[in-house]
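Single-letter residue listing:
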Amino acid sequence: MSEHERYVLEEKKKQWQIHLAQIGLFMLFIGVWEGAVRAGWINDFIFSSPSRVAKTIYEMVIDKSLFVHIGITMTETLISFCAVTVIGIVAAVLLWTCTSVAKIIEPYLVMLNSLPKSALAPVLIVWLGNDWKTIIVAAASVAVFGSILTLYTSFQEVDQNLVKLIYILGGTKKDVMRFVLLPGSIPMIISNMKVNIGLCLVGVIIGEFLAAREGLGYLIIYGSQVFQLDLVIMSIVILCIMAVLLYQLINQLEKRYGK
């Protein structure tokens, strides 16, 4: 066996050990949680338990209502994520194209990015109505301003030697954008997408807290109001799983195109 093959084998072994440790830690947490409830150390009415959460999932799978709530939250998250990605790239390119406008607008982008987005939700309900449009706009507002600032900063750090070479060869700013700026910024764009997918999910849940009759955010609010903590914990668990799956999806995109 060559040194390279031995190295690859060792790396695969380490990855399997990490995965097994992660699964073991999760199973230990579930076991301790269930054991603490059954031993009476914690109140299952307040903290629920893995068995009660599993029962709630089973009941909602049987009546198919769980798929409706998951589908709505996932759809709203993906729509807002796509909107943030497109708006972020287009706005950052426009700011890079016109630096004088960028200098004027940048402080306002910083201010809007720092604004607590939950404060906008009641206003959005009045403007857009108590429906899915408000949720998507609220979710997009959580990530879009930071995305624009991050991408614009990345565009400013593009290799100036390559930019000068394009101009020396008779190219224009459009050629710089086409052959240098966007191709060289793909790793940063995908890295920014990894952050935005989580922020959009958070934004959707914030929107569903205030303007939804379906979705996982609605289940959390409804469950807390009627003291069905099993429903709340179940929704949080599903949100965690969704966040991991969406992150891994972008992570695979990064492995393929981000290097």
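Residues numbered from 1 in each chain as written. Predicted model: local features only at pLDDT ≥ 70, side-chain atom pairs only at ≥ 80, totals over all residues. Heavy atoms only, no water.

Some thoughts on the overall build of the protein
Phase 1 of the analysis: Counting its secondary structure elements, the protein contains twelve helices and zero strands.
Phase 2 of the analysis: Ordering the α and β elements of the protein from the N terminus gives α-α-α-α-α-α-α-α-α-α-α-α.
Phase 3 of the analysis: Taken over the C-alpha trace, the protein has a radius of gyration of 23 Å; the compact-globule value for 259 residues is 18 Å, which it surpasses by more than 25%.
Phase 4 of the analysis: Each principal axis of the C-alpha atoms in the protein carries an extent, and together these give about 75 × 70 × 30 Å.
Phase 5 of the analysis: Of all 259 residues assigned to the protein, the portion counted as buried reaches 36%.
Phase 6 of the analysis: Taking all contacts inside the protein whose residues are at least 6 apart in sequence as the whole, residues at least 24 apart take part in 71%.
Phase 7 of the analysis: In the form shown here, the protein has an accessible surface area of approximately 15,800 Å², with 69% of it arising from carbon and sulfur atoms. (Helix = DSSP H or I, 4+ residues; strand = E, 2+ residues; numbered from the N terminus. Rg over C-alpha atoms; globule rule 2.2 N^0.38 Å. Buried < 20%, exposed > 50% of the residue type's maximum accessible area, 1.4 Å probe, protein only. Contact = heavy atoms within 4.5 Å. Areas by Shrake-Rupley, 256 points an atom, 1.4 Å probe, with all protein chains shown as cover.)

Quick word on the pattern of salt bridges
Side chains that differ in charge, positive against negative, can pair when their charged atoms come close.
Phase 1 of the analysis: Overall, the coordinates contain two salt bridges when judged by the stated rule.
Phase 2 of the analysis: Here R38 and E34 are joined by a salt bridge, their closest N and O atoms 2.8 Å apart. Of this pair, R38 and E34 both sit in helix α1 (residues 3–38), four residues apart, which is roughly one turn of the helix.
Phase 3 of the analysis: In this structure, R52 engages D230 in a salt bridge whose closest nitrogen and oxygen atoms are separated by 2.9 Å. (Salt bridge = Lys/Arg side-chain N within 4 Å of Asp/Glu carboxyl O.)

What about the packing of helix α4 (residues 65–97) against helix α12 (residues 229–257)?
Phase 1 of the analysis: At a minimum axis distance of 12 Å, the contact between α4 and α12 shows a crossing angle of 40°. Between α4 and α12, the interaxial angle falls into the category oblique. For the pair α4 and α12, the crossing hand works out as right-handed. Contacts between α4 and α12 involve L66, I70, T73, M74, T77, L78 and F81 on the former and, on the latter, M234, I238, L239, M242, L246 and I250.
Phase 2 of the analysis: Residues that form the contact of α4 with α12 fall into these classes: eleven nonpolar, two polar and no charged. (Axes fitted to C-alpha atoms, helices over the stretch in contact; angles between N-to-C directions. Parallel < 35°, antiparallel > 145°, perpendicular 65-115°, else oblique. Left-handed = near helix turned anticlockwise from the far one by under 90°. Nonpolar A, V, L, I, M, F, W, Y, C, P; charged D, E, K, R; others polar.)

A few points about the confidence of the model for the protein
Phase 1 of the analysis: The pLDDT averaged across the protein works out to 85; a share of 98% of its residues lies at or above 70.
Phase 2 of the analysis: Per-residue pLDDT, averaged within each element of the protein, yields its smallest value for helix α8 (residues 160–168) (76) and its largest for α4 (92). (pLDDT = per-residue confidence, 0-100.)

Digging into the packing of aromatic side chains
Phase 1 of the analysis: All chains considered together, the criterion is met by two aromatic pairs.
Phase 2 of the analysis: With a centroid separation of 5.8 Å and 40° between ring planes, the pair formed by F29 and W33 is classed as tilted. Here F29 and its partner W33 are both found in helix α1, four residues apart, which amounts to about one turn of the helix.
Phase 3 of the analysis: For F29, a relative accessible area of 52% puts it in the exposed group.
Phase 4 of the analysis: W33 sits in the buried class, given a relative accessible area of 16%.
Phase 5 of the analysis: Considering the side-chain rings of Y218 and Y222, the 6.0 Å spacing of their centres and the 20° angle between planes classify their relative orientation as stacked. You can see Y218 and its partner Y222 sitting in helix α11 (residues 216–225), four residues apart, about one turn around the helix.
Phase 6 of the analysis: Taking relative accessible area as the criterion, Y222 reaches 33% and is therefore assigned partly exposed.
Phase 7 of the analysis: Just above the ring of W132 sits the side chain of K133; from NZ or CZ to the centre is 5.6 Å. (Phe/Tyr/Trp six-rings, centres within 6.5 Å; stacked < 30°, edge-to-face > 60°. Lys NZ or Arg CZ within 6 Å of the ring centre and 35° of its normal.)

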